[in-house]
Amino acid sequence: MTAPEKTTTELENLIDSCIASKDTRFEDWDTLGFQAAKGGDRFKRAQIRYIGSGATGNHDGDSRSLPSEHFTFSNMRLPAGAVGPEHTHHDVEEVFYVLEGELEVAVHDVEDGTKKAVRRLGYRDLIRVPAGVPRSLANVGDTDALFCVVIGAPKPQLPTYPPSSEMYGVTR
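Description of the structure in this document. (Residues numbered from 1 in each chain as written. Predicted model: local features only at pLDDT ≥ 70, side-chain atom pairs only at ≥ 80, totals over all residues. Heavy atoms only, no water.)

### Re the sheet that holds strand E1 (residues 46–51)
What the 5 strands build is an open sheet, ordered E1-E2-E9-E4-E7; its pairing is antiparallel. The strands lining the two open edges of the sheet, one partner per strand, are E1 and strand E7 (126–129). Ignoring strand direction, the axes of neighbouring strands in this sheet form an average angle of 20°. In the sheet, strand E2 (residues 72–78) pairs with strand E9 (residues 145–151) via 7 bridges, with the strands oriented antiparallel. (Pairing = 2+ DSSP bridges. Helix = DSSP H or I, 4+ residues; strand = E, 2+ residues; numbered from the N terminus. Axes fitted to C-alpha atoms, helices over the stretch in contact; angles between N-to-C directions.)

Here it is, written out as structure tokens:
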């Protein structure tokens, strides 16, 4: 016996439940505001959630974001001169894909955070950082940078800040 065909209405409802349009997103400057409060405006950045809540906190009540089944997806707006501090996702890989601006990304030695490799990324460049590898980024352009952030789990653990990070010891 075959499964019954979907009605047009069911298909319309399905496709609508799978879309998160740009017009329904907002820049959440508060999610990572605790870092700016501790380290100053150079740590100020906005998360724009599309799928899941990322590793930045509990946004399960945000009905604008699509539920996450396998990964999270958001955009990040990073003002000119701002940084994303060195941090480690122990449980998941993380991807940064540049849509606008220029980023300087770094991977840090696990044992000695002062050792690092740095690369510059621009429009449509991507970096995938494996789980357990400390990473950081900085906007080295003259304008805001906008980039996609994909994290490889529906609800990742909160990242940690190694001793070499400017956010070491900072908690939410």
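### Focus: the nonpolar core
Among the nonpolar cores identified, the biggest contains 26 residues, and Leu78, Leu103 and Phe147 are the most heavily contacted of them. Going through the elements one at a time, E2, strand E4 (94–100), strand E5 (103–108), E7, strand E8 (135–139) and E9 are the ones with two or more residues in this core. At 4 residues, E9 tops the list of elements feeding residues into this core. Sequence-distant contacts of Leu78, that is, excluding residues within four places in its chain, are made with Lys44, Arg45, Val83, Gly84, Leu103, Leu137, Ala138, Asn139, Asp144, Ala145 and Phe147. Grouped together as the second largest cluster of nonpolar side chains are 5 residues, Ala20, Ile48, Leu66 and Leu146 included. (Core = buried A, V, L, I, M, F, W, Y, C linked by side-chain atoms within 4.5 Å. Buried < 20%, exposed > 50% of the residue type's maximum accessible area, 1.4 Å probe, protein only. Contact = heavy atoms within 4.5 Å.)

### A closer look at the sheet that holds strand E3 (residues 83–87)
The strands making up a sheet are joined through hydrogen bonds of the backbone, oriented either antiparallel or parallel. Reading across the sheet, the 4 strands line up as E3-E8-E5-E6 and stay open at both edges, with antiparallel pairing between neighbours. Only two strands of the sheet have a single neighbouring strand rather than two, namely E3 and strand E6 (116–121). Averaged over all adjacent pairs, the angle separating strand axes in this sheet is 15°, with direction ignored. Examined bridge by bridge, E3 and E8 share 3 bridges and lie antiparallel to one another. In the sheet register, His87 faces E8, and the bridge partner there is Arg135.

### A word on the packing of aromatic side chains
A ring pair, where both rings are aromatic, is described by two values, the distance of the centres and the angle of the planes. Under the defined criterion, the tally for this structure stands at 2 aromatic pairs. Geometrically, the ring pair formed by Tyr50 and Phe73 is edge-to-face, given 5.8 Å between the ring centres and 80° between the ring planes. Residue Tyr50 is located in strand E1, and its partner Phe73 is located in strand E2; the two are separated by 23 residues in the primary sequence. Relative accessible area serves as the criterion here: at 14%, Tyr50 is assigned to the buried category. The partly exposed category is assigned to Phe73, whose relative accessible area is 24%. (Phe/Tyr/Trp six-rings, centres within 6.5 Å; stacked < 30°, edge-to-face > 60°.)

Any link to function would need more than the numbers given here.
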